[in-house]
Amino acid sequence: MATESAAVAAGPSSGAAADARRRWLIGALICTAYLMIGLDLTVMNVALPSAQEALDFSNSDRQWVVTAYALPFGGLMLFCGRLSDLIGRKQTFLIGLLGFAVASAIGGAANNFEMLVTARALQGAFAAMLSPVCMALLTTTFTDPKERAKAFGIFSGVVASGSGLGLIIGGALTTGLSWRWCMYVNLFLAGIALVGGLVLLQAQPRTGARMDIPGVVLASGGMFSVVLGFSNAHNGWSESSTWGFIVLGAVLLIAFSAWQTRAAHPLLPPRIVIDRTRGAAYFTVLLVGAGLFGILLFLVYYMQTNLGYSAITSGCALLPMIALTPVGTSVGAIKLLPKYGPRPLIAGGLLVTAVGMALLTRIDENSGYATHLLLPLLLVGMGMGLIYGAALSTGTFGVAPQEAGIASAVISTGQQLGGAVGAALLNTIAATTATDWLAGHVQGKPTAQQLGLASIHGDIRVFWWCTAIFAVGAVVAAVMLPGGPLPAPAGAPAEQKSGKTEPAPS
């Protein structure tokens, strides 16, 4: 009888433990899948010179290896976010993984430029499918406030450090093996996540979501045009391939916004983005996407071109930032967010990052890593962790389960659009500053040293602009975000609303 009673008592506890284990295994496979997406945003950047030599394509063609990934990734995000709500998140997750793996295999085996660019475009399309569904799965899997905070803290660390890891892994694979392994590495990550998804994920019932076809056409066309326009900015802002696509994109996105107020089943319900708290989180991610290029592009270029670091050395130089980012997300999302809410974390994180970027303006042609780069990288890593840990959780907070996919897609879209705008804007600023410096300091043909000094002046101007972007973001976050912890969802038990969980009755 005692044994029977013990078994009965242990039953619910054992079942709860098994459910918790399953949730965290799902969290692990979500992080694995998103790590693959984050790596591919930058992993090919380091491999481009080797790929160009192997496939014999021109310098003007080189940008398309990056742009071909960014265009479908940015353009299809909202459509894919709603698609996951429509056909089911398990199905979307598995299709995205399988498609990404196949595209990566094609890219790794590419024997010409056209094959490589096609593979990169397919990667971008399936990344657009995976990115929002990962966050949606996280949102619907972890509903307990404490578990949700911890899960988003871990996930945010992966999101924030994935691009930096891409530079390190890309350098290591290109140097030690071949540029093709920058594509093949995805097969291992996708395989692990695919098996885990088949075993762990359960098919969700249909949510009742419907596809807004006019909204899809307007949103996808608008995002595609904006990203393409900014990607073409290296040709000059006066070129029709730049401003023409940007204007077209703006017109389409304005038309999309107007249509969403009238559509019976809007692709992006206005209530999702006009919510003050979520809107501030989306704006934060947009600014971070733009400002982060100061580190991932210009600092890496400065280390390699001006300081003589190799690809792998410059990647490893980012390790302190990459290592500290998960610490920031853990402290922020797990410890601080439930107690203090998103305002001090996001505004504080942006301010810390702004200080780090300001310190980078001290660089010169003889900068030492320990004296000029280490402290800024540590500050940026901690700041990014605080920002992402709070912003990703806040951006999906309070949405209905049937809208988790589209809310997650807005975050990913903001990050991608911010990256496209930031790359174009900061590249233009750097090039203009370098040209002006040469015009004012050099007569005749510049020497290699003078070209290096001009480049450094461009980098310094970029770092000041990044400082301003993050500082403005800190002010906006402090004004827009509400003070105090986020409110518990409607219908939550009293102990959950108070932040306390009572032990279950024995």
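Residues numbered from 1 in each chain as written. Predicted model: local features only at pLDDT ≥ 70, side-chain atom pairs only at ≥ 80, totals over all residues. Heavy atoms only, no water.

## A few points about the overall build of the protein chain
Part 1 of the reasoning: Along the backbone of the protein chain there are 19 helices and zero strands.
Part 2 of the reasoning: Each of the 506 residues in the protein chain was classed as buried or not, and the buried ones make up 52%.
Part 3 of the reasoning: Contacts in the protein chain between residues at least 24 apart in sequence constitute 82% of all its contacts with a sequence separation of at least 6.
Part 4 of the reasoning: A total accessible area of about 21100 Å² is found for the protein chain, and carbon and sulfur atoms account for 67% of it. (Helix = DSSP H or I, 4+ residues; strand = E, 2+ residues; numbered from the N terminus. Buried < 20%, exposed > 50% of the residue type's maximum accessible area, 1.4 Å probe, protein only. Contact = heavy atoms within 4.5 Å. Areas by Shrake-Rupley, 256 points an atom, 1.4 Å probe, with all protein chains shown as cover.)

## Structural notes on the packing of helix 11 (residues 276-291) against helix 16 (residues 369-395)
Part 1 of the reasoning: Running from amino to carboxyl end, helix 11 crosses helix 16 at an angle of 140°, the nearest separation of the two axes being 9 Å. The pairing of helix 11 with helix 16 is recorded here as oblique in orientation. The interaxial crossing formed by helix 11 with helix 16 has left-handed handedness. Contacts from Thr-277, Arg-278, Ala-281, Tyr-282, Thr-284, Val-285 and Val-288 in helix 11 reach Met-384, Ile-387, Tyr-388, Ala-391, Thr-394 and Gly-395 in helix 16.
Part 2 of the reasoning: Tallied by class, residues from the contact of helix 11 with helix 16 come to eight nonpolar, four polar and one charged. (Axes fitted to C-alpha atoms, helices over the stretch in contact; angles between N-to-C directions. Parallel < 35°, antiparallel > 145°, perpendicular 65-115°, else oblique. Left-handed = near helix turned anticlockwise from the far one by under 90°. Nonpolar A, V, L, I, M, F, W, Y, C, P; charged D, E, K, R; others polar.)

## Quick look at helix 15 (residues 342-359)
Part 1 of the reasoning: Taking 1.5 Å of rise per residue, 18 residues should cover 26 Å, and helix 15 covers 26 Å from first to last C-alpha, within 8% of that figure.
Part 2 of the reasoning: Regarding helix 15, the residues found buried are Pro-342, Leu-345, Ile-346, Ala-347, Gly-349, Leu-350, Thr-353, Ala-354, Gly-356 and Met-357. (Expected span 1.5 Å × (residues − 1).)

## Re the confidence of the model for the protein chain
Part 1 of the reasoning: Summary statistics for the protein chain give a mean pLDDT of 79 and a share of 87% for residues scoring 70 or more.
Part 2 of the reasoning: Long-range and interchain partners of residues 1-10, a stretch whose pLDDT sits below 50, account for zero contacts in this model, where long-range means more than four residues apart.
Part 3 of the reasoning: Segment residues 490-506: pLDDT under 50, and 11 contacts once partners within four positions in sequence are set aside and those in other chains are kept. (pLDDT = per-residue confidence, 0-100.)

## Let's talk about the nonpolar core
Part 1 of the reasoning: Phe-93, Phe-155, Ile-295, Leu-299, Met-303 and Leu-318 are the most contacted members of the largest nonpolar core, which has 103 residues in total.
Part 2 of the reasoning: For this core, the element with the most residues is helix 1 (residues 2-55), which contributes 10 residues.
Part 3 of the reasoning: By size, the runner-up hydrophobic cluster in this structure holds 19 residues, among which are Phe-57, Ala-68, Ala-110 and Leu-173. (Core = buried A, V, L, I, M, F, W, Y, C linked by side-chain atoms within 4.5 Å.)

## Let's talk about the side chain of Lys-90
Part 1 of the reasoning: Relative to the helices and strands, Lys-90 resides in helix 4 (residues 89-108).
Part 2 of the reasoning: Residue Lys-90 is classed as buried on the basis of its relative accessible area of 17%.

## A word on the packing of aromatic side chains
Part 1 of the reasoning: Using the criterion set out here, one finds three aromatic pairs in the structure.
Part 2 of the reasoning: Taken together, a centroid distance of 5.6 Å and an interplanar angle of 70° make the contact between Tyr-69 and Phe-73 edge-to-face. Of this pair, Tyr-69 and Phe-73 are both found in helix 2 (residues 59-75), four residues apart, which corresponds to roughly one turn of the helix.
Part 3 of the reasoning: Residue classification places Tyr-69 among the buried positions, given a relative accessible area of 2%. (Phe/Tyr/Trp six-rings, centres within 6.5 Å; stacked < 30°, edge-to-face > 60°.)

## Section: helix 3 (residues 77-87)
Part 1 of the reasoning: Of all the 11 residues making up helix 3, eight are buried; the element is thus mostly covered by neighbouring parts of the structure.
Part 2 of the reasoning: What helix 3 keeps buried is the set Met-77, Leu-78, Cys-80, Gly-81, Arg-82, Leu-83, Ser-84 and Asp-85.
Part 3 of the reasoning: Positive backbone phi, at 110°, marks Gly-88, one or two positions downstream of helix 3.

## Some words on the side chain of Ser-455
Part 1 of the reasoning: As for its placement among the helices and strands, Ser-455 is situated in helix 18 (residues 448-480).
Part 2 of the reasoning: In this structure Ser-455 comes out as buried when scored by relative accessible area, which is 17%.
Part 3 of the reasoning: The contacts of Ser-455, once residues within four sequence positions are left out, are Tyr-301, Asn-306 and Ala-434.

## Re the environment of Leu-350
Part 1 of the reasoning: Residue position: Leu-350 is located in helix 15.
Part 2 of the reasoning: Between the C-alpha atom of Leu-350 and that of Ala-477, which follows or precedes it by 127 residues, the distance is 8.7 Å.
Part 3 of the reasoning: Ignoring anything within four residues of it in the chain, the contact list for Leu-350 reads Thr-284, Val-288, Ile-387, Phe-470, Gly-473, Ala-474 and Ala-477.

## A few points about the environment of Leu-307
Part 1 of the reasoning: With respect to the element layout, Leu-307 can be found in the loop between helix 12 (293-305) and helix 13 (311-317).
Part 2 of the reasoning: Setting aside chain neighbours within four positions, we find Leu-307 in contact with Tyr-302, Asp-364, Glu-365, Ser-367 and Leu-373.

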